[in-house]
Amino acid sequence: MQAIGARTDALRGAWLCGACPGVTTMSLHHKLCHILGGAFDLPHAATHTVLLPYVAAFNLPAAPAADGVLRRALATDEVPGHLARTATGLGAPRSLAELGLGERDIDEVTALAREQPYANPRPVTEEPLGALLADALTGSLTLSKASQS
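This one's a predicted model, so the numbers in the text were calculated from it and none came from an experiment. (Residues numbered from 1 in each chain as written. Predicted model: local features only at pLDDT ≥ 70, side-chain atom pairs only at ≥ 80, totals over all residues. Heavy atoms only, no water.)

Draft legend 1. Seen up close, empty space enclosed by the protein. On inspection of all chains with the given rule, the structure shows one cavity of 30 Å³ or more. Approximately 40 Å³ is the volume found for the largest cavity. Lining the largest cavity, in full, are L28, K31, A113, P117, Y118, N120 and V124. Each residue belonging to the lining of the largest cavity can be placed in one class, and the counts come to five nonpolar, one polar and one charged. (1 Å grid on protein atoms, 1.4 Å probe; cavity = no way out; pocket = protein on both sides within 12 Å on 5 of 7 lines; lining within 4 Å. Points joined across faces, edges and corners; volume = space filled by probe spheres on them. Nonpolar A, V, L, I, M, F, W, Y, C, P; charged D, E, K, R; others polar.)

Draft legend 2. Geometry of the packing of aromatic side chains. Across all of its chains, the model carries zero aromatic pairs by this definition. The lysine or arginine in question, R122, covers the ring of F58, its NZ or CZ lying 3.8 Å from the ring centre. (Phe/Tyr/Trp six-rings, centres within 6.5 Å; stacked < 30°, edge-to-face > 60°. Lys NZ or Arg CZ within 6 Å of the ring centre and 35° of its normal.)

Draft legend 3. Helix α7 (residues 106–115), seen in detail. Buried residues of α7: I106, V109, T110 and A113, and no others. Each buried residue of α7 lies within a common arc of 100° when the element is viewed along its axis, so the set occupies one face. Relative to its buried face, α7 has exposed residues pointing more than 90 degrees away, namely D107 and E115. Looking at the buried side of α7, the elements it contacts are α2 (28–40) and α8 (126–138). (Buried < 20%, exposed > 50% of the residue type's maximum accessible area, 1.4 Å probe, protein only. Helix = DSSP H or I, 4+ residues; strand = E, 2+ residues; numbered from the N terminus. Arc of directions from axis to C-beta. Contact = heavy atoms within 4.5 Å.)

Written out as structure tokens, the structure is:
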């Protein structure tokens, strides 16, 4: 029964993700996925799945209204953890390393992301972005440095 719940959440999330581009601008999550796919040949859907909890933890403190909507929609008090648990429940990859990114690549990803920034609810500066990527590389959702405002 747990797998059915995870699949339900994943399908709801996929529908919402498909609806979002029509009503808003893209932000850091989309930017990083394009960089990782285009420059490092990582698989598009899996990269989105891995990065979503990390970027949510990075951005939601700067977007309290979005955080509230997501908490209600997902019936959780902790959106990033819920997203990570759902992906794990579906057997999805949990780290960028699983997809083929190396630690040596973090600086290049950070530089590329900052070259032409997208609209984002929180400023994308080098150190917090590097921490977000380092955590996503290892699958560690602590985001201690990345989630600080």
